[in-house]
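Analysis of the macromolecular model
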Amino acid sequence: MSKNKSSESVKVVVRCRPLSRKEESNGPAGGIVQMDLRLGQVILKNPRAPPSEPQKTFTFDAVYDSSSKQRDLYDESVRPLIDSVLAGFNGTIFAYGQTGTGKTYTMQGLWLDPEKQGVIPNAFDHIFTHISRSQSDKQYLVRASYLEIYLEEIRDLLDPNHGNTRGLELRESPETGVYVQDLTSCVCKSIKEIEEVMNVGNQARAVGATDMNEHSSRSHALFLITVECSQPGPDGRKHIRVGRLNLVDLAGSERQAKTGVQGDRLKEAAKINLSLSALGNVISALADGRSSHVPYRDSKLTRLLQDSLGGNAKTVMVATLGPAPQHYDETLTTLRYANRAKNIQNQPRVNEDPKDALLREFQKEIARLRAQLNHRRFRSKQKKEQVDGEAWERDGDEEEEVEEEEVEKEAEEFVKLEEQRLEKENEAIREDQFLLAEEKQKLLGENEKMMGDLRKRQEATEQLTARYKAMESKLLVGGKNIIDHTNEQQKMLEMKRQEIAEQTRREREMQQQMLIQDEEAVELRETFTSLQQEVEAKTKKLKKLYAKLQCTKAEIKDVNDEHVRSRQELEQTQNELTRELKFKYLIIENFIPPEEKNKIMNRLMFDPEEDEWKFKPLVPDESKSSQMKKRPVSAVGYKRPISQYARVALSMGTHSRYRAENVMLLELDMTPPNTSALTDGEQNQSPTLNNFPTNDKGICKSRSWCQSQKSITSSSSNNSLFAALKTFN
Ligand code: ADP
Ligand code: MG
């Protein structure tokens, strides 16, 4: 029950970009998308349909037309989500749509123009402003990561070597859900720093691609921000909440041409939209609500977004549309996709005190360094006071209470004084005429050593201080680290804007509710005074229902058409793949000896985690192999240890080396060519043998290395050779 209580649906908003100059010059047809901002409706006109065909209407949580501002979208649809992330929820925003419809514009926008900054820069601003304005008993740690999924491979965009290494792996833990192993994450202390992280990633993305446009329309980009916040609870202990924010710019949703390509290009084409079609399947399965299996594991993207779709997260989907008539089909598909996503139910909850909170570890490390530092400084201070001749009467417990700055200053003074003292002593020794040269040297050496020790200690303390300060600076303290320059008036303005956004949202919700209720309640309210009136009212209703029926029929036809289209495409891809398979099969069957093939087949296993076929290791276990390598205690009758080579040969099944080198069976065939029938015994053997007719008495013809061991045994002439081979094994 509690699960249902906390569940909420995925918020879906739709945005339509203005007609581009090129589209405008194409003709005066105008856009095919109309929007009712008050009701949150999109009305789509089919440019090819007769005027009598009803237009398609879709209702969403909010819609933004071509004149909408970035700020409006952020304040109304994204701000509440970021607030939730700051309160410890998981949050995801993803932009979905055809290439060129404004996904990147919505997510990133134009960085240099404050009016046109997208969701990501606005979120940075929001997060750090929130931290600076929060109470001073709160500590924050903000981390950022940036990755892209290209051809089903996860690439770390913050790792300078990402181009050279293999893709990263996905792992799952009960605490954090699905995560990317070894993903770089950077601690960010300010807006500037997090923007820098974003820039580095964007550059890596651009460098990795020969054609940026092509690349970006085929890869999914994920920017991940983790905000950890520690605050003392009513029990006096510090509690940590962790909010994770995924900002996702998906690949273009248009269909990629898959037909007529072969080999690598085919593989690429098959993988390009794999993630997107898997996402579609996941959305369908979740929206349906009846399917027990949700195919999250079908692609990397869906696994990464597992929590965001039907799990522990709040999710906003921004579907982007283009208004041009030539993209009607794609626009309709996007709208359908978005419409389905509305029905997904998530179960967001606050992530409280997770075991893997980095903030907790940072706090512990800072406390440890601080204690170490205090101890050092305290000892220096103690020594100074002893040198000064002050009586030392304090307890060890007082160590902690000494003022940090005062101790630091005194410790520095102590070092200076000690240096001066040793310098003076050196002078005195040098000038002392009663001392022998040897003694002088010895005393000077001792002093030098003391000085060296002193400097070393000083250096160690300085290093410790630097580490402590670096660690401490990573944590942001509410209301302290960032100076909030905004004045009261501006703050008020922001508040008002948020209020307005909130009101608009509520108003729209109410309007939508009213519309639904109106439709349901209209017949209840109607009382007819005359038969004529009743006829009129019913006719009106009939017309309405008829229009609805037509809409639904058209919808069914559209869905059927789409279904047929995608089936045809799948069949075509399947045909291509089958052809490819046959080709590979032909090579395997004709050019790889069956024995070798079997060996390989026996060693292969499928790794579902990495979605790949792998070879089983030849030598099973590391620990075992090291055990086997050890020579047993020498004793008569004990076996000799097996060498690595012999062990490999053992698991391969045969003596691969000799066979490959064809050393053992290279005897000359001295008998005249013989085309007589095979002997009975040999007829029963494997078909490969039939290619090598043998003579019962004589030496067999030179054999191919692919012959089985059995065949050698059957040949009497080779018995001695085989015996020799056996002893080798
Ligand atoms: P996508 O990432 O979906 O492929 P882009 O974000 O790159 O598309 O947008 C394509 C072009 O359209 C860009 O030049 C962008 O500036 C412009 N554009 C997109 N959306 C809008 C909008 N809402 N207002 C103005 N220009 C837009
Ligand atoms: Mg883009």
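Residues numbered from 1 in each chain as written. Chains lettered and ligands numbered in written order. Predicted model: local features only at pLDDT ≥ 70, side-chain atom pairs only at ≥ 80, totals over all residues. Heavy atoms only, no water.

The name given to the protein chain in an unreviewed UniProt entry is Kinesin-like protein, with Poecilia latipinna as the source organism. The record held by UniProt for the protein chain lists under Subcellular location (unreviewed entry) the comment "Cytoplasm, Cytoskeleton". (UniProt positions renumbered as here; feature names shortened; annotations may be inferred.)

**Regarding the pattern of salt bridges**
Taken as a whole and assessed by the stated rule, the structure comprises 33 salt bridges. The partner of Arg 360 in a salt bridge is Asp 353, and the shortest N-O contact between them spans 3.0 Å. Since its relative accessible area comes to 28%, Asp 353 is described here as partly exposed. Between Glu 419 and Arg 455 there is a salt bridge whose closest N-O contact spans 3.7 Å. Of the two residues, Glu 419 sits in helix α13 (residues 404-431) while Arg 455 sits in helix α14 (residues 437-474), which places them 36 residues apart along the sequence. Using a relative accessible area of 27% as the deciding quantity, one classes Glu 419 as partly exposed. Residue classification places Arg 455 among the partly exposed residues on the basis of a relative accessible area of 43%. (Salt bridge = Lys/Arg side-chain N within 4 Å of Asp/Glu carboxyl O. Buried < 20%, exposed > 50% of the residue type's maximum accessible area, 1.4 Å probe, protein only. Helix = DSSP H or I, 4+ residues; strand = E, 2+ residues; numbered from the N terminus.)

**Remarks on the packing of helix α9 (residues 274-288) against helix α11 (residues 328-341)**
The axes of two packed helices give the description: the angle between them and the distance between them. Where α9 contacts α11, the axes come no closer than 9 Å and their chain directions differ by 45 degrees. Viewed along their axes, α9 and α11 adopt a mutual orientation that is oblique. With respect to the hand of their crossing, α9 and α11 are arranged in left-handed fashion. Contacts between α9 and α11 involve Leu 276, Leu 279, Gly 280, Ile 283, Ser 284 and Ala 287 on the former and, on the latter, Tyr 337, Arg 340 and Ala 341. Residue classes in the contact of α9 with α11 are distributed as six nonpolar, two polar and one charged. (Axes fitted to C-alpha atoms, helices over the stretch in contact; angles between N-to-C directions. Parallel < 35°, antiparallel > 145°, perpendicular 65-115°, else oblique. Left-handed = near helix turned anticlockwise from the far one by under 90°. Contact = heavy atoms within 4.5 Å. Nonpolar A, V, L, I, M, F, W, Y, C, P; charged D, E, K, R; others polar.)

**Quick notes on the pairing of strand β9 (residues 153-156)**
Covered by surrounding structure in β9 are Ile 154 and Asp 156 only, the residues Glu 153 and Arg 155 on the alternate face being uncovered. Of the strand pairs in this sheet, strand β8 (residues 139-150) and β9 are connected by four bridges, and their pairing is antiparallel. Along β9, the bridge assignment pairs Ile 149 with Ile 154. Between β8 and the antiparallel strand that follows it, β9, lie two residues; Leu 151 among them carries a positive phi value of about 50 degrees. (Pairing = 2+ DSSP bridges.)

**Re the nonpolar core**
Val 14, Val 42, Phe 60, Leu 147 and Leu 279 are the most contacted members of the largest nonpolar core, which totals 48 residues. Apart from residues lying up to four places away in sequence, Phe 60 is in contact with Val 12, Val 14, Gly 40, Val 42, Leu 335, Ala 338, Asn 339, Lys 342 and Gln 512. The next biggest cluster of nonpolar side chains, apart from the first, holds 41 residues, and it includes Leu 73, Val 78, Val 85 and Leu 247. (Core = buried A, V, L, I, M, F, W, Y, C linked by side-chain atoms within 4.5 Å.)

**Things to note about helix α5 (residues 119-133)**
With 15 residues, α5 extends 21 Å from end C-alpha to end C-alpha; this agrees with the ideal 21 Å at 1.5 Å per step. When you tally the buried positions in α5, you get 12 out of 15 residues, the bulk of the element. Of the positions making up α5, those classed as buried are Val 119, Ile 120, Pro 121, Asn 122, Ala 123, Phe 124, His 126, Ile 127, Phe 128, Thr 129, Ile 131 and Ser 132. (Expected span 1.5 Å × (residues − 1).)

**Looking at the sheet that holds strand β5 (residues 56-59)**
Across the sheet, three strands lie side by side as β3-β4-β5; this open sheet has antiparallel pairing. Both edges of this open sheet fall to β3 (33-36) and β5, since each of them pairs with a single strand only. When strand polarity is set aside, the average angle formed by the axes of neighbouring strands in this sheet is 20 degrees. Relative to strand β4 (residues 41-44), β3 runs antiparallel, the two being bridged by four bridges. Counted as the bridge partner of Asp 36 is Gln 41 from β4. Contacts between α11 and the sheet are confined to β3, β4 and β5, with β5 contributing the most and set at about 35 degrees to the helix.

**Regarding the confidence of the model for the protein chain**
For the protein chain, the mean per-residue pLDDT works out to 78, and 74% of the residues sit at or above 70. Across residues 391-401, confidence stays below pLDDT 50; counting only partners more than four residues off in sequence or on other chains, it has eight contacts. (pLDDT = per-residue confidence, 0-100.)

**Regarding the site of ligand 1**
Taken together, the residues surrounding ligand 1 are Arg 15, Arg 17, Pro 18, Gln 98, Thr 99, Gly 100, Thr 101, Gly 102, Lys 103, Thr 104 and Tyr 105. Measuring from an oxygen atom of ligand 1, one finds a backbone N or O atom of Gly 102 at 3.1 Å. At 2.7 Å from an oxygen atom of ligand 1 is found a main-chain nitrogen or oxygen belonging to Tyr 105. Across the complex, the protein chains shield 66% of the 560 Å² of accessible surface that ligand 1 would expose by itself. With three residues, the single largest contributor to the shell around ligand 1 is helix α4 (residues 103-107). For the shell around ligand 1, the per-class residue count stands at two nonpolar, six polar and three charged. (Near = heavy atom within 4 Å. Polar contact = N/O pair within 3.5 Å; in protein donor to acceptor, adjacent residues only side chain to side chain. Areas by Shrake-Rupley, 256 points an atom, 1.4 Å probe, with all protein chains shown as cover.)

**Regarding the UniProt feature "binding site: ATP" (unreviewed entry) in the protein chain**
According to UniProt, the feature "binding site: ATP" (unreviewed entry) maps to Gly 97, Gln 98, Thr 99, Gly 100, Thr 101, Gly 102, Lys 103 and Thr 104 in the numbering used here. Among the structural elements, Gln 98 can be located in the loop between β7 (90-97) and α4. Apart from the residues lying within four places of it in its own chain, the contact partners of Gln 98 are Lys 103, Gly 252, Ser 253, Glu 254, Thr 320, His 327, Glu 330 and Thr 334. Residue placement: Thr 101 occurs in the loop between β7 and α4. Residues in contact with Thr 101, not counting those within four places in the same chain, are Arg 17, Thr 320, Leu 321 and Gly 322. Reaching out from Thr 101, the side chain makes a polar contact with the backbone oxygen of Gln 98 at a distance of 2.5 Å.

**Some details on the packing of aromatic side chains**
Tallied over the full model, the rule gives six aromatic pairs. Both rings, one in Phe 58 and one in Phe 60, keep their centres 6.4 Å apart while their planes meet at 20 degrees; by these two values the pair is stacked. Exposure class is identical for Phe 58 and Phe 60. Each is buried. Measuring from ring centre to ring centre gives 4.0 Å for Tyr 96 and Tyr 337, while their planes differ by 5 degrees; the resulting arrangement is stacked. In this pair, Tyr 96 sits in strand β7 while Tyr 337 sits in helix α11, placing the two residues 241 residues apart along the sequence. Among the aromatic side chains, those forming a connected cluster through ring pairs are Trp 111, Phe 124, Tyr 146 and Phe 223. The ring of Phe 89 has Lys 314 sitting right over it, with the charged end atom 4.7 Å from the ring centre. Cation over ring: Lys 342 sits above Phe 60, and NZ or CZ is 5.4 Å from the ring centre. (Phe/Tyr/Trp six-rings, centres within 6.5 Å; stacked < 30°, edge-to-face > 60°. Lys NZ or Arg CZ within 6 Å of the ring centre and 35° of its normal.)

**Some thoughts on the environment of Leu 39**
Looking at the secondary structure, you find Leu 39 in the loop between β3 and β4. Setting aside its immediate chain neighbours within four residues, Leu 39 contacts Thr 59, Arg 508, Gln 511 and Gln 512.

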